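Structural overview for review
Below are the chains, spelled out letter by letter.
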Amino acid sequence: MSLSQNSVSDEDKTTGQKNNITITINKGRLLKEEIEKMDEKVAGKLAPADKKKIQDAIESATQWLDANELAEADESDVRMKELESVCNQITAKMHQDSAGPDMGGFGGI
């Protein structure tokens, strides 16, 4: 996904009037509505326990960020990786469950 933004300004030397224009190209970006629709679709597939686990991890990360606003980037990265780990485990399980036993898993072996 790419986002390109260009700003141009000009000034009329005789009147001193200034004009600015910003051009933003959102090539490949998802719209807010599209993201919300995807969230609803995924949330409907999550087991309640998994949904709670994600919500708790987000809450914990948010509380840490609020309490550690002056933390170094490395510390924030560690917290982000912990949150990603929780989410990745759940989404991997969700994908595995949706594949079914005949779709590349070991099935009954």
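Residues numbered from 1 in each chain as written. Predicted model: local features only at pLDDT ≥ 70, side-chain atom pairs only at ≥ 80, totals over all residues. Heavy atoms only, no water.

1. Overview of the pattern of salt bridges
- As enumerated under the stated definition, the model contains three salt bridges in all.
- Asp-50 is the salt-bridge partner of Lys-93, the closest N and O atoms lying 3.1 Å from each other. Taken as a pair, Lys-93 in helix H3 (residues 73–99) and Asp-50 in helix H2 (residues 48–67) lie far apart in primary sequence, 43 residues in all.
- Residue class for Lys-93 comes out partly exposed when judged on its relative accessible area of 39%.
- By relative accessible area, Asp-50 is classed as buried at 10%. (Salt bridge = Lys/Arg side-chain N within 4 Å of Asp/Glu carboxyl O. Helix = DSSP H or I, 4+ residues; strand = E, 2+ residues; numbered from the N terminus. Buried < 20%, exposed > 50% of the residue type's maximum accessible area, 1.4 Å probe, protein only.)

2. Structural notes on a nonpolar patch on the surface
- Taken together, the side chains of Leu-30, Ile-35 and Met-38 present a nonpolar region at the surface, about 250 Å² in accessible area.
- Summarising the element assignment, Ile-35 is placed in helix H1 (residues 32–45). (Patch = residues over 30% accessible without salt bridge, like charges linked within 9 Å, V, L, I, M, F, W, Y side chains within 5 Å. Areas by Shrake-Rupley, 256 points an atom, 1.4 Å probe, with all protein chains shown as cover.)

3. Overview of H1
- Over its 14 residues, H1 runs 20 Å from end to end, which matches the ideal 20 Å to within 8%, given 1.5 Å per residue.
- Counting buried positions over the 14 residues of H1 gives zero, only a small fraction of the element. (Expected span 1.5 Å × (residues − 1).)

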